[in-house]
Amino acid sequence: MASRIQRPRKRRMLSLTVQGTQQPSPHFMTVTLGGEDVQHLQRSGFDQAGRLFFADPDDDAAKVFLPTSERWILQLTLQGGKQRPRVRTYSIRRFRPDASAFDIEISLHADEGPGAAGPGTRWAQAVEPGTRVAFLDEGHSYAPAPGMAWQLLVGDESALPAIVAILEQSAAELPAEVFLEVPSSEDIRNDITAPPGSIVHWLPRTDAGAKPGALALDAVKQARLPDGPFYAWTAGESSLATGVRRHLVGERGVAKSDISFRGYFSHGRASL
């Protein structure tokens, strides 16, 4: 479920390699992707994201077929017995034009049950420079209308890369009220750039077994928000995204057209 996603008119499957990795905090891994194909990736919106195709860490990477066309579903269907790649959607954390590269930031979590890390987490923790991947631009959803006085950004750890990217790229524009839930206090970022007048409410979970997004949703419901018309962007666990939208529309009278929401995952359900 999501608000209207604005996809680029022309999309091209990019063939890239991993340039390096960095772990900014315990529950996040930054992966730099680069190569000549980056020249075909155009910046569109502040929360721009794309599908990443990669070999499962348990598979033989040499035997995994990486798609070469935006018609990737058809390509994978025709592969027969060849191993298919894993597919996950990640936000572009930052562009590195001087290096023909860009960063994605992956939330490290166990999404297949207690103690069992999902393929995206395992891949990010084990991937080596030079590893081949494919990437397909999926556009953006962040699109505030003219005349807004400020913006509301709400998310859990899966939305942190997009929210931080929005803050940094809109640093000269709308001040923001941000509610950002993270797995622990060690994941709080104290060095992000934000528009003047912005307030970032970091919400570290104290209960490791708590459902992601519940803390952020409750914080928004209890918050005294600034006056004036505003645009809201919310993403993360599906209950958080829909819950924030339902609250803003039903309890605060916000027009649906002024809210963009994206459910990145459903807690307790493994992605395909």
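Residues numbered from 1 in each chain as written. Predicted model: local features only at pLDDT ≥ 70, side-chain atom pairs only at ≥ 80, totals over all residues. Heavy atoms only, no water.

**Some details on the packing of helix α4 (residues 214-222) against helix α5 (residues 238-252)**
- At a minimum axis distance of 9 Å, the contact between α4 and α5 shows a crossing angle of 10 degrees. Classified by the angle their axes make, α4 and α5 are roughly parallel. Here α4 contributes Ala216, Leu217, Val220 and Lys221 to the contact with α5, which in turn contributes Ser239, Leu240, Gly243, Val244, His247 and Arg252.
- Looking at the contact of α4 with α5 residue by residue, the class counts come to 5 nonpolar, 3 polar and 2 charged. (Axes fitted to C-alpha atoms, helices over the stretch in contact; angles between N-to-C directions. Helix = DSSP H or I, 4+ residues; strand = E, 2+ residues; numbered from the N terminus. Parallel < 35°, antiparallel > 145°, perpendicular 65-115°, else oblique. Contact = heavy atoms within 4.5 Å. Nonpolar A, V, L, I, M, F, W, Y, C, P; charged D, E, K, R; others polar.)

**Thoughts on the side chain of Glu157**
- Relative to the elements of secondary structure, Glu157 occurs in the loop between β7 (150-155) and α3 (160-169).
- Accessibility expressed as a relative area gives 6% for Glu157, which makes it buried.
- Aside from chain neighbours lying at most four places away, what touches Glu157 is Phe28, Ser107, Glu181, Pro183, Arg205 and Pro212. (Buried < 20%, exposed > 50% of the residue type's maximum accessible area, 1.4 Å probe, protein only.)

**Things to note about the sheet that holds strand β6 (residues 132-137)**
- Ordered by their spatial adjacency, 6 strands build a closed barrel running β1-β2-β5-β4-β3-β6, and the pairing between neighbours is antiparallel. Direction aside, neighbouring strands of the sheet carry axes that sit 45 degrees apart on average.
- The strands touched by α3 within the sheet are β2 (28-34), β4 (86-96) and β5 (101-107), with β4 carrying the most contacts at an inclination of about 25 degrees. (Pairing = 2+ DSSP bridges.)

**Some points on the nonpolar core**
- Counting residues in each nonpolar core, the largest one holds 21 residues, and the members touching the most others are Leu33, Leu52, Phe102 and Trp123.
- Of all the elements in the fold, those that place two or more residues in this core are β1 (14-25), β2, β3 (49-54), β4, β5, α2 (119-126) and β6.
- Setting aside residues no more than four positions away along its own chain, Phe102 makes contact with Leu16, Val31, Thr32, Leu33, Val38, Leu41, Ile92, Arg94, Phe95, Arg96 and Phe135.
- Membership of the second largest hydrophobic core comes to 20 residues, among which are Ala159, Leu174, Val182 and Trp202. (Core = buried A, V, L, I, M, F, W, Y, C linked by side-chain atoms within 4.5 Å.)

**Notes on the packing of aromatic side chains**
- For the structure on display, the rule yields 7 aromatic pairs.
- Between Phe54 and Trp123 the ring centres are 5.0 Å apart and the planes differ by 35 degrees, which places this aromatic pair in the tilted class. Taken together, the residues span a long stretch of sequence, with Phe54 in strand β3 and Trp123 in helix α2 at a distance of 69 residues. Each member of the pair Phe54 and Trp123 is classed as buried.
- Ring-pair connections join several aromatic residues into one group, and the members of that group are Phe46, Tyr142 and Tyr231.
- Stacked on the ring of Phe28, the Lys or Arg Arg189 has its end atom at 5.0 Å from the ring centre. (Phe/Tyr/Trp six-rings, centres within 6.5 Å; stacked < 30°, edge-to-face > 60°. Lys NZ or Arg CZ within 6 Å of the ring centre and 35° of its normal.)

**Quick word on the sheet that holds strand β11 (residues 259-265)**
- Pairing within the open sheet is parallel, and its 5 strands lie in the order β9-β8-β7-β10-β11. Because the sheet does not close on itself, it has two edges, and the strands there are β9 (199-204) and β11. Direction aside, neighbouring strands of the sheet carry axes that sit 10 degrees apart on average.
- In this structure, β7 lies alongside strand β10 (residues 230-237), joined through 6 bridges in parallel fashion. Within the sheet, the bridge partner assigned to Gly155 lies in β10 and is Ala235.
- Docked against the sheet, α4 engages β7, β8 (176-182) and β9, running at close to 150 degrees with respect to β8.

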